[in-house]
Each structure stands twice: as C-alpha cells, then as structure tokens.
Amino acid sequence: MKEEKIWELIVLKLSGEAGPEQEAELEEALKQAPDLVFPLGILEGIWHSKRNSNAAGTADRFNRHLQRLSNHLSEDVLQYETAAAAPVVRSSRKKYYRRALLAGAMAACLALGLVVVRYSANRQEKVPAAVAQHQVYTRKGARSKLHLPDGTEVWLNAGSKVTYENNFGGATREVTLEGEAFFDVAKDPDMPFIIHTDMIDIKVLGTALNVRAYADEKATETALIRGAVEITLHRSPEKRIVLRPDEKLVVRNDSPALTRPVPIMTLTQLHYLEQDEEPAPMETLWMKNKLAFDGEPLQQVALKLERWYDVKVIIADKALEQVEYSGVFENEDIAEVLYALQLTGNFRYTIRGKVITIGL
Amino acid sequence: MKEKSIIADLQQKIALYEDMNAYRELYELLNERLFWFVYSFVKSREAAEEIVSDVFIKLWTIRNELPSIVNLQVYLYVIARNFSKNYIIKEYKYPHVCLDEIPLEVETSVNPEELYISSEMAGRINKAIRELPPQCRLIFQLVREHGLKHQEVADILTISRITVRNQLTIAARKIAQAVYPHLQPAAARQQSRC
C-alpha cells in the first residue's frame, strides 16, 4: 500500500471517522510498515489529550458576557454584525416611543388621582426587621404618578398599590406591586431594581416597562418597552426569562390544570396602536388616559371597567364572559363605552347608579 | 457523539423555555473553543472575547429560530467567522477581506505531563505543530481539540472535505516525523504543500 494512503487512514482513525473496513485496512497496512506503529501510538496520545482549559476564568467571562447581553438588549445592534453575517436575522421595531412616553407622562400628570402615602412604621408586628414601609395606592377610577428616591418614575393605574421600604436605595432597590404600573427605572448598574408581584419577580437594569399584576385577573403581564429585564417565576424559580424590548411575557395566575395542558407562560410581541401619530403599545395607553381593550374577553373588560370608572359590573350570562372585545376609548363616560361595545357584541346592559348589569 | 446530543438538548431548552441555565451551559461548553477559533483570526484577546460574546448574544436573540438550525455548533462557528471578518474590516479599514488570505495565529500545543513523554520530545512535537502552515494548524486544532468532524470543518471554513483530510494528513506526518525522525526521508517527499 502506498504510504500516502496509510496516512489518510491514520487521520481518519484519529478523527474518529474511519469505518470498520478502513480500520481493518489500516491494521493490515501497519503489519507491512511496523516502523509506523510507534509514532502512531504517540500521535494517538497527542490527539486525544485535551488542552488544559481555563475553567476558572469562564465564570467571569460569562458574567461580562451577561452584562454585554443586557446592554445589547437596549441597543439592538451588534458591533460586528452585518446583514450578511448570519442566515437568520430578526428585524426589530423602531424606537419611536420615547416621545410617546413623555406625552403619556404628561397626560398621566394631568389625570393625577388621589395619592396616599402612609408611613406604617408603627406597625412593626408586620415588619419584623422594623423597617418603615411606604405604600402608595390609587383608588378605582383614579391614576397617579410617583417618584421613587432613586429617580425612578412610576405611573400607577387604577386600583393599584406600590410598596417599598424606608431604606429603599440604601442597599437594594425593591418594590412590591399589586395591580398595574409603568416603571421608568433610573439606571444604576450596581443596584438592580427588583419588582415583586404575587407570581413573579422582575429584575431590572435601567429600563421602561409596564407590569400588570391584578390579583383578580387571570394572568400577570410584563411588557418591556426598552432596556432589559430578567423575570423569575415564583412557581418554578429555575426558569429565568430575559425579555427584549417590545416583548411581553404573560404568566398565568392559576395553577395549570393537569387535564388541560395550557402553558404557564407565553411570550408575545407588543401590539402597537398604529392609528396614532406616535404609535404606542396597547399596554401603555392607559398612561395617555386611554382605556384600551386588545381582543380581551368580556370578563376582563368588566374588570377593567370596574377599576377605570369605579363601578360594579355584573355579567348576568356566563355565555358572554369569553366573548372578546377590542377598542380604545378616550374621554368617554361609561355609558358611551358600553354603548360602543354593545354595537359590536350581542348584549344588553342596564346602568343603575354604580352598578352595571350585562346580559343577553 | 455524546457532546452532540448535549448541545442539541441545550439548543432545545433555550428555544422552548428560554432557559438561562441551558444558555449558560452552552456558553461554558463552547466559549473557549470559539475564543481560540476567533483569536486565530483577530489575534487580540480582548477582541476575541467581545466577538464570542456577540456570537452568544446573537444566539440569544434568535432563540425562537433555534429549532430550525440543524447543527448549532457549526452555525456558531460560522457566525464567529463572519464576525471576525467584520471586525478585521472595521479595525483595519479594509474595504473587504478574504479570511483565507490573512495570516492566522493558532494557539495549539501538547502537554508533556499528560502524555508521559519527555519534555524534550514534547518540545519537538510543539515545534512541529508551530511550524505547520497556519491553515493546516487551524484545521488540526478544530478536529483534534474541538472534536469537529471533517465535514463540519469544511463547512465552517468553506473548503472541501478532501482539503480537510489532506491538511490533516500533512499535520499527522509532520508530527510523527518530529517524534520519530527516521521517518523523515519518506515524509520529506510529501511536504511540498499544506
């Protein structure tokens, strides 16, 4: 056999790509060329020895990488990427909502509702660490805006509550939310901002996001406008979800039924209301004083109406609960909203004082 | 083979559950190999780390499309190679560049303690490896250290599978020759190109 051929077989064997026939062929050939056996043994040793890997540095490297990942999520352009760089490239949305947010902020200021700040330092039995708590809440029918000590701005939707400790910003920045709020979090890379809700914790690094966590609703929603957040599910803490701008995570509040395999969470893109001059995500329209339904079942619509107008809505017929409605309302009273909804869906309603009954 | 199924498993976890732990495992598994691969083109540790980081950012941003990628490891090498090329264009302000033409710096060597060979012999082996033409050394590294198949290396470097095999043959002969100088006369005839 030609020597060239033997070396080819040797390489195939070393690379683990030789078939049984080739292995046999090589064995036969080596009998004819015994002086190759020794160098081949050494070669095999070299081939299968691994270089010392620098495992110690990997953790640091990964942490630096995560930092870059979270920065990237707010910038969206990879330094060394060009259109031809990879076969699969996902386009992302334009960043025109910055100004929309400002407009929203002003609208929210105008619509300033009742803000109550209660110092509950005296209620120490509830707070073992003896840390004073601040609670800011909005009644039904009212919205409000507050500034946290670190410069973070929070818009509170109706019937919502934000709680934070007196030492907020000292060692940590943590708030607890019940209901719905929009956070424009002040950047501080050394101190992550954490939002706790019943179902999830959201870890934030300089970001704007809307969180909807009403206890009486079916799901907890996190809609990311810009920046990066990492979400942990209380129910399965090993899952960490990193959101990109324009993404929304919906986590079910109830335990998933075993018989009906519904995912406990879903990830979707934000839905923009395009008819506006400056399109804004449906999730943040409330800040612009607009009441929006985005394909939501009447059950959910009723809850929103109750909070928005501080009324009681009774759905008399169960068949109506899951019928979905969409619409955006601005400066309309409850009667006008109900009238408009009724035009698209087959129901009748009655208004008696603060109680609205919807039936077939 | 075992590693291939580990990678496929992590790929699925990242795609379906956005599993950060799986993402981290994949990073830990491949980061160093990709680092040395990129390093051989860009020859700067800082740039190589950044580029590998970008490759993994890219991976995260396309996580939804991962199920359609057949060989994730090769895919990542291809992205790494493209990013390296873009880095060189940007860094040296070349209008365009052909990666096959730039000089490579491939870090690969053997460790005498692990092989129970004398340091003198390890020195000879490492010298032989260092003296391999860069492309040949890169192919040797990708197959030996990164465990890639010949076809995979061919796909990553956009060369033919036969070229991969021929280059490895040359590398193997040169190293064997360093170990056992008596082979030299026969091997010398074949060292014309690499």
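Sequence positions are assigned chain by chain, starting from 1 and proceeding in written order. Following the order in which they are written, the chains are lettered starting with A and the ligands numbered starting with 1. Per-residue local features are limited, in this predicted model, to residues with pLDDT of at least 70; the limit for side-chain atom pairs, both in listing and counting, is 80 or more; totals at the level of whole chains, interfaces and linings are taken over all residues.

Digging into the overall build of chain B
The condition that has to hold: Starting at the N terminus, helices and strands are each numbered in turn, a helix being any DSSP run of H or I of at least four residues and a strand any DSSP run of E of at least two. The burial label depends on the number of other C-beta atoms within 10 Å of a residue's C-beta. Counts of 20 or more mean buried, 12 or fewer mean exposed, and intermediate counts mean partly exposed, with C-beta atoms placed from the backbone. Distance between backbone-placed C-beta atoms decides contact: two residues are in contact if it is within 7 Å.
Each helix and strand in chain B was counted, giving ten helices and zero strands. Overall, chain B shows an N-to-C arrangement of helices and strands of α-α-α-α-α-α-α-α-α-α. Relative to its 194 residues, chain B shows a buried fraction of 43%. Considering only intrachain contacts with a sequence separation of at least 6, the fraction spanning at least 24 residues in chain B is 60%.

Comments concerning the overall build of chain A
Assigned secondary structure in chain A consists of seven helices and 21 strands. Residues classed as buried in chain A amount to 33% of the 360 residues present. For chain A, restricting intrachain contacts to residue pairs at least 6 apart in sequence, the fraction spanning at least 24 positions comes to 47%.

Considerations on the packing of helix α6 (residues 119–130) of chain B against helix α9 (residues 161–179) of chain B
All names here are of chain B. Put simply, the rule reads: Only C-alpha atoms enter the line fits that serve as axes; for helices the fit covers just the stretch in contact. Angles between N-to-C directions range over 0 to 180 degrees. The labels follow the angle: roughly parallel below 35 degrees, roughly antiparallel above 145, roughly perpendicular from 65 to 115, and oblique for the rest. Here a crossing is called left-handed whenever its near helix is offset anticlockwise from the far helix by less than a right angle, and right-handed whenever the offset is clockwise.
Taken N-terminus to C-terminus, the directions of α6 and α9 make an angle of 150°; their axes are 8 Å apart at the nearest point. Compared by their axis directions, α6 and α9 come out roughly antiparallel. The element α6 and its partner α9 pack so that their crossing is right-handed. For the pair α6 and α9, the contacting residues are Met121, Arg124, Ile125, Lys127, Ala128 and Ile129 in the first and Lys174, Ile175, Gln177, Ala178 and Val179 in the second.

Some points on unusual backbone geometry
Residues and elements named next belong to chain A. Here the phi dihedral of Asp246 falls at roughly 75°; this positive angle occurs in a residue that is not glycine. Position of Asp246 among the secondary structure elements: in the loop between β12 (240–243) and β13 (247–252). Phi is positive for Asp310, close to 50°, though the residue is something other than glycine. For Asp310, the position within the fold is in the loop between α6 (298–309) and β18 (312–315). Look at Asp310 and you get partly exposed, because 15 C-beta atoms sit within 10 Å.

Points about the sheet that holds β18(A)
All names here are of chain A. Stated formally: Any two strands with at least two DSSP bridges between them are considered paired.
Strand order in the open sheet formed by three strands is β18-β21-β20, with mixed pairing between adjacent strands. In this open sheet, the two edge strands, each paired with only one partner strand, are β18 and β20 (348–352). Each strand of the sheet is rotated relative to its neighbour by a mean of 15°, with strand direction disregarded.

As for helix α3 (residues 45–61) of chain B
All names here are of chain B. This is how it is decided: How far a helix is expected to stretch is found by multiplying one less than its residue total by 1.5 Å.
Counted at 1.5 Å a residue, the expected span for α3 with its 17 residues is 24 Å, and the 24 Å between its end C-alpha atoms agrees. For α3, the tally of buried residues reaches twelve of 17 residues, placing the bulk of the element in the interior. Looking only at α3, the buried set comprises Ala48, Glu50, Ile51, Val52, Ser53, Asp54, Val55, Phe56, Ile57, Lys58, Leu59 and Thr61.

Describing the confidence of the model for chain A
Selection criterion: pLDDT expresses how confident the predictor is about each individual residue, on a scale running from 0 to 100.
With 78% of its residues at a pLDDT of 70 or more, chain A has an overall mean of 77. Across residues 83–130 of chain A, confidence stays below pLDDT 50; counting only partners more than four residues off in sequence or on other chains, it has 63 contacts.

Considerations on the nonpolar core
The test is simple: The nonpolar core is taken to be a set of buried Ala, Val, Leu, Ile, Met, Phe, Trp, Tyr and Cys residues joined by way of C-beta atoms within 7 Å.
Judged by nonpolar contacts, the single largest core of 67 residues is most densely connected at Leu34(B), Val38(B), Val55(B), Leu76(B), Ala80(B), Ala172(B) and Ile175(B). Among the elements that make up this core, the one with the highest residue count is helix α2 (residues 20–42) of chain B (eleven residues). Once residues lying within four places of it in the same chain are set aside, the contact partners of Ala80(B) are Leu34(B), Phe37(B), Val38(B), Ile51(B), Val52(B) and Val55(B). Counting residues in each nonpolar core, the second largest holds 59 residues, with Ala213(A), Ile225(A), Leu285(A) and Ile358(A) among its members.

Some remarks on the pairing of β12(A)
Residues and elements named next belong to chain A. When strand β11 (residues 229–233) meets β12, the two strands line up antiparallel, connected through four bridges. Paired with Ile231 across the strands is Ile241, a residue of β12. What sits between β11 and β12 in their antiparallel hairpin is a turn of six residues.

A look at α9(B)
Compared with an ideal rise of 1.5 Å per residue, which puts 19 residues at 27 Å, α9(B) spans 27 Å between its outermost C-alpha atoms and is within 8% of the ideal. Most of α9(B) sits inside the fold, with 15 of its 19 residues counted as buried.

A closer look at the environment of Thr266(A)
With respect to the helices, strands and loops of the structure, Thr266(A) is situated in strand β14 (residues 265–269). When the C-alpha atoms of Thr266(A) and Glu221(A) are compared, they prove to be 9.7 Å apart, with 45 residues separating the residues in sequence.

What to know about the environment of Ala22(B)
Residues and elements named next belong to chain B. By the secondary structure assignment, Ala22 is in helix α2. Judged by local crowding, Ala22 falls into the partly exposed class, with 18 C-beta atoms found within 10 Å. In the structure, Ala22 is positioned eleven residues away from Gln11 in sequence and 7.8 Å away in space, judged by C-alpha atoms. Excluding residues within four positions of it along the chain, Ala22 makes contact with Leu10, Lys13 and Ile14.

Notes on the environment of Asn253(A)
Residue and element names in this part refer to chain A. Inspection of the secondary structure assignment puts Asn253 in the loop between β13 and β14. Classification of Asn253 by C-beta neighbours within 10 Å gives partly exposed; the count is 17. Placed 34 residues apart in sequence, Asn253 and Ala219 show a C-alpha to C-alpha distance of 4.8 Å. Once residues lying within four places of it in the same chain are set aside, the contact partners of Asn253 are Met199, Glu217, Lys218, Ala219 and Thr220.

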